[in-house]
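Examining the three-dimensional arrangement
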Amino acid sequence: MPKLSLKATISSRSSAEAFLTAPGDAVIVDRDGLRWLFLSCPCGCGAAIPVNLDPRAGPAWRLYQGMGGISLYPSVVRRTDCRSHFIVHRGSILMLGTRYDSHDFYVDRNLASLEEETFTHLSWLHTKSTEEIADSIAGSIPWDILQCCRRLVRRGLAVEGRGRNRGRFKRA
């Protein structure tokens, strides 16, 4: 699995591309708050991908930094050129095909306690998104919550919404 390599944190996006020399290289633009993550496309096509981190500037990704490395939520989809689709999770980059949601993209044998806590945040009546659940569990990442929710579904303890509610969960 390719790795994300954070090269620098800078204050201006104008110099970001100079740091992107290999697939997976990344630069954070922090100007009075997180603004952008620029990364060199992990497929190797050489494109510099700007990822908006500032919700005031439109739809934005969430950046999580922790002991395991950088995570980015949701996935990144390039709709032109190489059409790459990938997840950045704990410093690793997982390139996705068209049917990624059936696999466990990250297996952590210590997810049992997080799975239990995730279950306590599920409602019988209303579905919740992985982002909502992650926001209510300190230090959690939506990718880990998605993993836990899908494990709960396989065990018959939770159900996932369909269509526009895919990625939203409630108790079974």
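Here, every reference points to the structure presented above.
These notes cover the structure that comes with them. This is a predicted model, so every value here is computed, not measured.

Cut-offs applied
- Residues numbered from 1 in each chain as written.
- Predicted model: local features only at pLDDT ≥ 70, side-chain atom pairs only at ≥ 80, totals over all residues.
- Heavy atoms only, no water.
- Core = buried A, V, L, I, M, F, W, Y, C linked by side-chain atoms within 4.5 Å.
- Buried < 20%, exposed > 50% of the residue type's maximum accessible area, 1.4 Å probe, protein only.
- Helix = DSSP H or I, 4+ residues; strand = E, 2+ residues; numbered from the N terminus.
- Contact = heavy atoms within 4.5 Å.
- Pairing = 2+ DSSP bridges.
- Phe/Tyr/Trp six-rings, centres within 6.5 Å; stacked < 30°, edge-to-face > 60°.
- Salt bridge = Lys/Arg side-chain N within 4 Å of Asp/Glu carboxyl O.

**With respect to the nonpolar core**
Ranked by internal contacts, the top residues of the largest apolar core, which has 19 residues, are Leu114, Leu122, Ile133, Trp143 and Ile145. Secondary-structure elements contributing two or more residues to this core are helix 2 (130–136) and helix 3 (142–154). If one sorts the elements of this core by residue count, helix 3 sits on top with 6 residues. Once you skip the residues sitting within four places of it in the chain, Leu114 turns out to touch Ile137, Ser140, Asp144, Ile145 and Cys148. Grouped together as the second largest cluster of nonpolar side chains are 17 residues, Leu37, Ala47, Leu53 and Ile93 included.

**Examining the pairing of strand 3 (residues 34–40)**
Counting buried residues in strand 3 gives 6 out of 7 residues, a clear majority hidden from the surface. Relative to strand 3, strand 2 (residues 25–30) is paired through 5 bridges, and the arrangement is antiparallel. Among the inter-strand pairings, Asp30 is bridged to a residue of strand 3, identified as Leu34. Between strand 2 and strand 3, which pair antiparallel one after the other, the connecting turn spans 3 residues, and Asp32 there sits at a positive phi close to 55°.

**Describing the packing of aromatic side chains**
Per the counting criterion, the structure on display carries 2 aromatic pairs. A centroid spacing of 5.9 Å and a plane angle of 35° characterise the contact between Trp36 and Phe38, whose relative ring orientation is tilted. Per residue, the accessibility class of Trp36 equals that of Phe38, and both read buried. With a centroid separation of 4.7 Å and an interplanar angle of 65°, the aromatic rings of Tyr73 and Trp143 are classed as edge-to-face.

**Looking at the pattern of salt bridges**
Close approach of charged atoms allows side chains of opposite charge to pair. As enumerated under the stated definition, the model contains 10 salt bridges in all. Measuring nitrogen to oxygen at the nearest pair gives 2.7 Å for the salt bridge that ties Asp54 to Arg35. One end of the pair, Asp54, is in the loop between strand 4 (48–52) and strand 5 (62–66); the other, Arg35, is in strand 3, with 19 residues separating them in the sequence. Each of the two residues, Asp54 as well as Arg35, counts as buried. In this structure, a network of salt bridges that share partners links the residues Arg35, Asp54 and Arg56.

**Topic: the side chain of Thr130**
For Thr130, the location among the structural elements is in helix 2. Assessed through its relative accessible area of 1%, Thr130 is described here as buried. Apart from residues no more than four positions distant in its own chain, Thr130 is found in contact with Tyr73, Pro142, Ile145, Leu146, Gly167 and Phe169.

By themselves, these figures tell us nothing about what the structure is for.
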